[in-house]
Structure formats: C-alpha cells, structure tokens
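Coordinate inspection notes
Take a look at the letters that make up each chain.
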Amino acid sequence: MTAPVRVVRLLRVRDGREADFVAAYQGVLERARRFPGHLGEQLCRSLDDPAQWLLTSEWESAESVRRWRTDPAHTALVEPLNACLHDDRWTGLFHIMGPAGTRAAPAAGAGTRSAGPRTP
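Going along each chain's sequence as written, the residues are numbered from 1 onward. Per-residue local features of the predicted model are confined to residues with pLDDT of at least 70, and side-chain atom pairs are confined, for both listing and counting, to 80 or more; whole-chain, interface and lining totals are unaffected and use all residues. The basis for every side-chain value is the complete set of heavy atoms in the structure, and neither hydrogens nor water enter the calculation.

Another aspect to go through is the overall build of the chain. Under the DSSP-based scheme used, a helix requires at least four consecutive residues in state H or I and a strand at least two consecutive residues in state E, with every element numbered from the N terminus. Counting secondary structure elements, the chain contains three helices and four strands. Counted from the first residue to the last, the chain has its helices and strands arranged as β-α-β-β-α-α-β. Throughout, exposure labels follow a simple rule: accessible area from a 1.4 Å probe, protein chains only, divided by the maximum for the residue type, with under 20% read as buried, over 50% as exposed, and the rest as partly exposed. Evaluated residue by residue, the chain yields a buried proportion of 27% over its 120 residues. Carbon and sulfur atoms form 54% of the exposed surface of the chain, whose accessible area is close to 8,300 Å². Areas reported as accessible are Shrake-Rupley estimates using a 1.4 Å probe. Residue values count occlusion only from the protein chains shown.

In structure tokens:
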C-alpha cells in the first residue's frame with residue numbers, strides 16, 4: 001500500500017490578477033477532481049498579506065502526483081494560473097503521517113527532540 005501525500009504551494013498573486021487566478025484555479029481544480037489519485041484540496045488566502053495564497057492538495061501517493069504533474073492537460077491548464085503569479089513561489093511534497101488531530105508514532109530509533117523548521 002502506498003502512503004498518501006500532500007502537496008503544499010505557497011504563492012504570491014500579482015496585484016489585480018486575483019480574479020484571473022481564481023478562475024484559472026477553478027479550471028485546474030475541475031480537472032484534478034477527475035484525475036486518478038486526487039483526494040482533495042484547499043485554496044487559502046492570507047489574512048495578513050492578501051497577495052499570499054496557500055494551495056494544498058492531497059493525493060493517494062507520490063506517484064499520483066508525478067502522473068498529475070507530467071500530464072499534458074495539466075501543463076496546459078496551469079499556464080494561465082502561473083501567469084498570475086510572482087516568481088517567488090514555493091512547492092513542497094509531504095508524506096502524511098496521520099489524520100488531523102493525532103500524532104504519528106515516532107519511527108523506530110527516532111529521538112524525542114525536535115529540530116526547528118527547515119527551509120528548502
């Protein structure tokens with residue numbers, strides 16, 4: 001069985017392009033909902049900085065994400081979305097360790113100390 005993953009994208013939308021961005025995102029979302037392995041997603045806008053947006057999606061596996069990212073239809077769909085964005089965007093792929101509100105058991109041999117946040 002493969003492990004579910006979450007894609008996290010931190011984006012900055014160009015001033016005046018917010019409506020275009022949301023419209024383009026709706027097109028991507030419509031296709032994603034029908035794509036094998038897609039489990040759901042959320043689009044969020046920062047309350048502190050309205051130009052900053054957070055997009056998260058959940059997938060059955062990293063392989064599902066790879067197939068999505070390399071699908072020719074996906075490439076064409078994200079072009080209008082990306083045209084609304086500044087270049088300072090970040091994307092990360094995360095293994096989901098457990099459901100919300102629970103803590104996953106530490107891996108065998110893992111210590112209890114936690115390092116601070118890592119930057120890519």
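Along helix 2 (residues 62-70), the positions that sit buried rather than exposed are S64, V65 and W68. The buried residues of helix 2 occupy an angular sector of 100° when the element is viewed end-on, so they sit on one face. Note on contacts: a residue pair is in contact if any heavy atoms of the two residues lie within 4.5 Å. Contact partners of the buried residues in helix 2: strand 1 (5-12), helix 1 (18-34), strand 3 (52-59), helix 3 (72-82) and strand 4 (90-95). Arc definition: directions from the helix axis to the C-beta atoms.

Classification of ring pairs rests on two measures: the distance between centres of Phe, Tyr or Trp rings, Trp counted by its six-membered ring, which must be within 6.5 Å, and the angle between planes, read as stacked under 30 degrees, edge-to-face over 60 and tilted in between. The tally for this structure, following the rule as stated, stands at five aromatic pairs. Summarising the aromatic geometry, the rings of F35 and W59 are spaced 6.3 Å apart at their centres and angled 75° between planes, so their arrangement reads as edge-to-face. Of this pair, F35 sits in the loop between helix 1 and strand 2 (38-45) while W59 sits in strand 3, placing them 24 residues apart in sequence. Assigned by exposure class, F35 and W59 land together as buried.

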